[in-house]
Each structure stands twice: as C-alpha cells, then as structure tokens.
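Residue-level listing of the chains:
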Amino acid sequence: MLDRVAVHQTRLRTPGLGLDAKGVALGAKGIVLLPSIDRLVAFLALYTRQGSLADVLRSLSVEVVKSKLGAREVTLTFAAESSDRLDRIAEVARLAGGYTFTGTSRHFVQYRDAAAPFGYDIGQITPSDAALALYHNAFSQTYDVERKIEVRALLLRLEPHADPSTHREPGPRWIAAEAGLGPALIHYFVRSAVDAEVGVAEWPPASSFDEAPVVRYLFRLPQIPERMGPLLASTPGIGVFLPVAPGAAVEIGFRHPVNLRACPVFDESGLVLFRGRGNDVLELPRLPALGDISAFARVELRREVLAARAPEVGPRVDAVSIALRLMPSTEPWRAVTASWVKLEEMPLLRHIAYALGPETLRKTRIALTPQGAFLRHPTGIEGIPVGEFFREIRAGLYIPAGWDAVPAVAPDVLYRALGSPSGQVIFLSRDGRAVGVPGDGFVPLEMALLEAQAWAPVSAISDGLTSALATALPEVFLGGAGIRPLRDVPSVAALETTVMVQSPPQLGPPGGQRSP
Amino acid sequence: MSTDDAALGERCEELARGVLGPLVLGGPVHPVRPFGGPLGLRVGVVASERRGVTDGDLASRLDVARVRRARLLAAVDTLPDLDAGDWSVLAALNDLLQLTNHHLAGPLTRGRYARVLANLEWMCERIPAPADVLSALSRHATFARALELARTDSTVSWWTGSARFRGEAPPARLLAWREIRRVQVDARRVPLAEMPAGVTGISLADYADVLALWLTRTPLTDLATATRQSPMFAWSASTLALVATGPGRMLAFRALAAEPPDAVNAVLSRAALQVPEPYEEARRLAVGFAERAARAFQELKSESPRPQPR
C-alpha cells in the first residue's frame, strides 16, 4: 500500500521523489506502463491527436520490460519536468489502459490521481537488483529491460488504415511511379499542362536475385487536377501520396494511425512514403534531384529548314477554306455568361424567374427573338439554370459551353470570318449555325418580366397641406360669466388710483394712442 | 409661488384653452371671466414666468400654427414663446369678447359694461408695444386671425313663436319635430366688429374705439387688416414705429400685398392725411409709406403676367 502525500508534507521516503511548487510529489522522470505494443500505439495515437510529441521526444525512451514472472510490458520513459505535463500524459495513459509513475532512477511511485491529489509515497522500498521497481496502489513490481523500441522504427512498421476521405483533401501530392510508367506519366502531365517536378529515385534490390536497383519516378505536384485523381489512384504501379508531415507522406486512401505531424522523427531532407494494402514503406534518405517536367516534353527536329523563295509561276494552290465545326471540349468551363432559351423552354424560364434574386434580375439582360430568348449576365449565367449555356470567347461572340470551334482559329479570326457584324451578338450553335442578335435588343430581365400591372389609385393624405386647409374658423360662443363675473375687474374710480409700472423696452411709446 | 399666482396660473391655462387655442388653431372660442386692467397686465407676467402653455400638445400645435402664419410674411423656422405683452393682449381680447356677452350683466347691472370698457381701455394703453420686429411678427402670428373671429346668431321660429340666440346653439327642444312644428332656423355670422349689436350696455362706437385701440397693440395685424370696414385703419405710434424700420416696412408691404391694391392705396392715403399736421415726422412717415406702397403695387402690376397653365 502506498501512503498519500499530505498537504504541506515535506519529507518523502521514495528516493529521488520531491515536491514541486504545487506540493505534488514529482520525480525527474515519468513512466507510463502499458500492457502491450498495440496499447503503446493507441497511446501515441491519442497523444498526438491532442498535441505534439516534440516536447517529450528528446527524452522519450520506449522499452519492452519483463517482470520476474516473465510477463512483458511496455514502458515509456520521459522527463517529467512539470506536473502539468505529467497530468496530461497520465490522462492519456489512463485512456489507453496504462499506469503513470514518477521517480528518478529505479524506484517509481504511482503518480497522483483523484484519490491522492498530491501523489503517493512508498511505505517501504522493495529490496531488488532489478532495473525498474514500480509501486502502485494495487501492485508493486520489479522489471528488467528486455529491449528498446525506436519510435521512428515503430512508426515505420505501423500499417496505415484505409481512409477514403483523404482523396478529397486539397494540396500538394507525391507520386511514385514504377520505372515503366514514368515517361508516359511525364508526357501525360506535359500534354495536360500540369505543373509538376519529376525525379528518379533508386532503392536497393528487393532480393539478392535482382542485380539492378529498383528505380521509380518520383513526381511532386502542387495540385492534381480533379479529373486525374481517379486515373492516378487506380492505375497499378502508380502511387499517389499525401504529405502529412515534413519528410513523410501517406498514400491516398489511407491514414497513418499516429498523427505524424506531431512526431518529428523523419528527416526533412528525405522522404518516407507510407503505402497501403500491406506494401512496404518506401524510404528515401535524401530526395533525388527534381526537375520540371516541361524539360521532358517531346521534341521533334526538322530535317531541313525551308528558306523563303520568290514566287514562281506555277500551279495555284486551291483554296483550303473549310467549314466551321464545333467539337466537344474537355476544357473547364470559363466565362459562361450567356444562355439560349429555346421557345419550348420559355415556360420553365417564367417559373424560374419567380425564384431569382433581385441582383440577378437587375444584371441579367434578355433579348427575345423568334428563335427563343437569349440571356446575358456579365458575371455568369449559371444562376439561371435553364437553356443552353454559352461562353464568351470574344466580345460579342459566344459558343456553347463545353465546345470548341474547329479549326482552332483565334476568336478574332473567327469573328472576322463572320463578317465582324457591328452591333450584333453572335451565337454559334452546335451545328455550326450562327445566330446574330442585335445588341440593343437586350433589355434588363426585370423590365421584361413583369406584365403591365393594373393599379388602383388611392387618395394620399398630405398631413401638412390637409391640416392647413382644414383649419377651422374661430367662432365665439357666449355663455354665462358666473357669479360676480367682475370680481377681478376694478371699478372706474379704483382704476384711476391704480399705479402700474411699465418697464420693458418697446418699439413705440407706451400707450395706444389712436393718433400720434 | 403665492396662492394668487397659482390661481392666476390656472386662469392662464383657462385662457389658453378657451381663447388662445381656438384663436390660433380654429374652433369654438369660449371667453373666460373678465380679467380687468390690473389683472390683465399681471397675467402676462405670471404666464411668461410659467413658461407659457403647460399643455404640451397644445403648445406644440400652437407653435406649428404660429410659425405657419409667420412664414406667410418672413422665412422663419421658429418663433419666440408668447411674452408678457402677448398674454396681456390675449387677456384684453378676452375682455373685448366679454364686452359683447349679453350674459355679463342683467337689467340692474348695466354698468358692468362701462366698467369692463374702462378697464379695457386702461389696459390697452398700458400693454407694451412689440419691442422689435420679431416680436411684432410673433404677436401677429398669434393674433392675425382676431378679425376672423365671428359669432353665430340664430333666430329660431316655429308655428307659435320665435327665439333669438346670440352666440349660443339653440336648444334641441326648440329644433325638435321640425316638419310638424314648422321650425325655421336663421343663422347669421356676426364678425368681431359687429358683435356688440344687441347689447344695451355698450355702444358700437365705443366698442369700435376700444377694438381699434386693441389692434394698435399688434401693429402688424393692424396693418395687415388695414382694408377692414370697421374700425377704420388709422396710424398709431406702434404702426408708425414698425414701418419706420426697413424690415418692419418690408413685413408691412408683404402683409398688404395680399389685399386689393386700390383699397390699400385709398386706406393708406386717407390714414396719412388723418395724421395731425403738428406730428410732422409721423405724417412724413405715413405719407412716404403710402407712396411706396402705391409704387410697389404699380411695379407689381407692370410686371409681365405669369404664363397661364394650359
């Protein structure tokens, strides 16, 4: 049994145990005793979810210890430093099924808990030569160290868990491609105008029977276009990795059980790629030289350069003019600022108009033609989901969104080929037909929507004018003056003797004389 | 505050509700018990010390109506509260109306009218004229409708007799069964100048004199109503003092511009001639104002007429 440390207790029997500023029994080290490796992994996973392991990593030591009865357990030893840190570790250890002890060299006593807020002290030290003696309220045990476990090695051995959500996480990616797939992938990225860096990494042969080292292409991409995600993730021989910590990346679709960002055990100059599906970890002590993939673009050299010559009289080349066509395009939609609502879709437009916001109604302009309604919105027409969307490739020239004009002439050339009609807005339909809508035919949608509304006049009441005109005439009503009506009015004789003092300044002389 | 002042304060409230409010805002005017000369002068002092009308709603409506009236002559947004002189003028108007009240005296107390008349003259002679042009405008804004005061006299006749009512509504019993009793009501509006008709204790001439005297206490109103039939306009010290200043003269011109030019010219010319010759300065002022007014009306007439709206 352990003794609870009392308030203001000054002496402790456990060697190396002292009291910190708060009176808590604390040694120089802390030990977490875990029953197995998987509990250790659970402890690390839990701890790294809450905070970084960096502060304890320098003093951290993971060992497998063996009791006298042969039971093997795992201990984490670290510098205690303060009761705050040890409190946090003790909570996580309790969750992971471990016990927390504190001490300095060999004898470690149970760290404080709710029953003993100031910790515990040993009643009697167990005489033993064992490397570790742990004293708990429920047991006292001695252990010998069997072997050490490196945290880095432990993390490398842990198998990532499947986690499909990592597919959606944005950010840079590493791609490891087998040697045969590298060039094809380079050209695929070059063709698709994807920014990427590529390098060639080598690993030792997988077995003694292989003579050459294993070569893989390593790509670093700031962002993978979304459309390429499924292809790259599902192609055998290509692995896409999500950087989770400096010098470490986990394959897309998987997540390492420990938060690697909280475990700074990997060298930033190297790279560790954690692969899923039971594949080995790919570890690179140093990153290979990486170069921009544009350097690998396919080049073709001409055999000779034709020099310009003076025109000679010869057979004339026939005209090469071809009809304009529109072809589906894989380019992302940009500048989709117009739509063409066919006549049969007009009822739907009327329905949708009720749900449109005031800003959309104000900024959208509409032209009504026998072919239907043409809508234009300077910042995007997607807010009115009706009709066929058009994108503006040049001022006054629209082609259907998701389609490109072939031959791929410049928009200005195309506009000139259409005759550069002034004041007309040209819409190219999918069959190559061009429709011109007069520019001044576009009116604000809010003006075109409402039908003429019947209104009933109501008489407004102008308060000021009405009240001025309604001022009643003053009319005198005479009535009885009561008993002794003249009790305040002095008689004429008394009036003659009344003396009043007139003092205020006045415009005219006092007294109302009928004539001056 | 003494008991007398408190009682006088209540009478001020009574005066404001019964006379001042209806005079400015329109409606039935119910004159209160006569004040008499000394009390009429003192009521102004007490009322101005009590900061005017205590009924906030009435005070607000009075302010709006007075400013509206004043803005017909000058672009003012506010007017000063009624001063002691204004309250005394109001008390005098109340006594003037009571002078026409046939209920004031009976057959044996006819002398009351002379007593009230003497007090009224005494009071009007002692009410101070406006101290400046703004005071004149403010007083005019309050009393501009004084000559609009009217009384309705009714004669009710039925098949067996008739009855006359001065400033009173005929009782309902006399108006009942109109068809059967062949009731006829002859109502006639009596303006302020003719109100003493029918009162045996006061003559029309005396009443006209005291009304003219009362008008001189609000000179701008006196000038603005110069074309009235009775009492006829005559220059007084206060009206001459008003037109002797430039702004006052301008206000007077504006007030007279609403009247018929010929009538104004005739009244001003006659009034100027009535100024006694010994008062040379006053006569020169009156003649000069009449000439300027005539010239101004001539200029107004010679201006190109406004285009008629189609």
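Right above here is the structure, for reference.
**Student:** Hey, could you run me through the overall build of chain A in this one?
**Tutor:** A count of helical and extended segments in chain A gives 12 helices and 32 strands. Out of the 516 residues belonging to chain A, those deemed buried represent 40%. Within chain A, counting contacts between residues at least 6 apart in sequence, those at least 24 apart form 67% of the total. Approximately 30000 Å² of chain A is accessible, and the part contributed by carbon and sulfur atoms is 55%.

**Student:** I'm lost on the sheet that holds strand 8 (residues 107-110) of chain A in this one. Help?
**Tutor:** Backbone hydrogen bonds are what pair the strands of a sheet, in a parallel or an antiparallel way. Pairing is mixed in the closed barrel, where seven strands are placed in the order 4-6-5-11-10-8-7 (chain A). Adjacent strand axes in the sheet meet at a mean angle of 35° when their direction is disregarded.

**Student:** Help me understand the nonpolar core in this model?
**Tutor:** Soluble globular proteins tend to bury their nonpolar side chains together. Ranked by size, the top nonpolar core spans 64 residues in total, and within it L20, W87, L99 and W214 of chain B carry the most contacts. Put simply, the parts of the chain that give this core at least two residues each are helix 1 (3-25), helix 2 (37-49), helix 3 (56-70), helix 4 (84-98), helix 5 (111-126) and helix 9 (204-216) of chain B. When we break this core down by domain, the ones giving at least three residues each are domain 1 (3-144 + 195-303) and domain 2 (151-193) of chain B. Counting 43 residues, the second-largest nonpolar core is a separate cluster that includes L40, L86, L158 and F274 of chain A.

**Student:** Mind showing me how you'd approach the interface of chain A and chain B here?
**Tutor:** One frequently used descriptor of interface size is the decrease in accessible area upon assembly of the parts. Listed as interface residues are 39 residues of chain A and, on the opposing side, 66 residues of chain B. Overall, the association of chain A and chain B removes approximately 4500 Å² of surface from exposure, summing both partners, and the carbon and sulfur fraction of that is 61%. At the surface where chain A touches chain B, the tally comes to three salt bridges. Here R189 of chain B and E475 of chain A are joined by a salt bridge, their closest N and O atoms 3.9 Å apart. At the boundary of chain A with chain B, the tally comes to 14 residue pairs in polar contact (both at pLDDT 80 or more). Contributing elements (two or more residues each) for the side of chain A that touches chain B: helix 11 (463-469), strand 32 (474-476) and helix 12 (492-497) of chain A. Ranked by residue count, the leading element in the side of chain A that touches chain B is strand 32 of chain A, at three residues. In the side of chain A that touches chain B, the residues fall into 21 nonpolar, 13 polar and five charged. Alignment of strand 32 of chain A against strand 2 (residues 150-158) of chain B, held across two bridges, turns out to be parallel. Bridged to V476 of chain A within strand 2 of chain B is R151 of chain B.

**Student:** Is there a simple way to explain helix 5 (residues 182-191) of chain A in this structure?
**Tutor:** One turn of the α-helix equals 3.6 residues, which is why residues spaced by three or four share an orientation. Residues and elements named next belong to chain A. Listed in full, the buried residues belonging to helix 5 are G182, L185, I186 and F189. Looking straight down helix 5, one finds that the buried residues subtend no more than 105° of arc, so they occupy a single side. Its buried side turned inward, helix 5 meets strand 13 (173-178), strand 14 (197-203), strand 15 (214-221), helix 6 (229-234) and strand 16 (238-245). One or two positions beyond helix 5, positive phi appears at A193, with a value near 60°.

**Student:** Even after reading the chapter, I still don't get empty space enclosed by the protein, so can you show me in this structure?
**Tutor:** To locate leftover empty space, one rolls a probe as large as a water molecule over the atoms. Residue and element names in this part refer to chain A. This structure, assessed with the given rule, holds one cavity of 30 Å³ or more. The volume enclosed by the largest cavity comes to roughly 40 Å³. Around the largest cavity, the lining residues are F43, Y47, L53, V56, L60, L76, F78 and I89. Those elements that provide at least two residues to the lining of the largest cavity are helix 1 (37-50) and strand 6 (72-79). For the lining of the largest cavity, the residue count by class is eight nonpolar, no polar and no charged.

What counts, and at which threshold
Residues numbered from 1 in each chain as written. Chains lettered and ligands numbered in written order. Predicted model: local features only at pLDDT ≥ 70, side-chain atom pairs only at ≥ 80, totals over all residues. Heavy atoms only, no water. Helix = DSSP H or I, 4+ residues; strand = E, 2+ residues; numbered from the N terminus. Buried < 20%, exposed > 50% of the residue type's maximum accessible area, 1.4 Å probe, protein only. Contact = heavy atoms within 4.5 Å. Areas by Shrake-Rupley, 256 points an atom, 1.4 Å probe, with all protein chains shown as cover. Pairing = 2+ DSSP bridges. Axes fitted to C-alpha atoms, helices over the stretch in contact; angles between N-to-C directions. Core = buried A, V, L, I, M, F, W, Y, C linked by side-chain atoms within 4.5 Å. Domains from an automatic or database assignment. Buried area = accessible area lost by both parts, 1.4 Å probe. Salt bridge = Lys/Arg side-chain N within 4 Å of Asp/Glu carboxyl O. Polar contact = N/O pair within 3.5 Å; in protein donor to acceptor, adjacent residues only side chain to side chain. Nonpolar A, V, L, I, M, F, W, Y, C, P; charged D, E, K, R; others polar. Arc of directions from axis to C-beta. 1 Å grid on protein atoms, 1.4 Å probe; cavity = no way out; pocket = protein on both sides within 12 Å on 5 of 7 lines; lining within 4 Å. Points joined across faces, edges and corners; volume = space filled by probe spheres on them.

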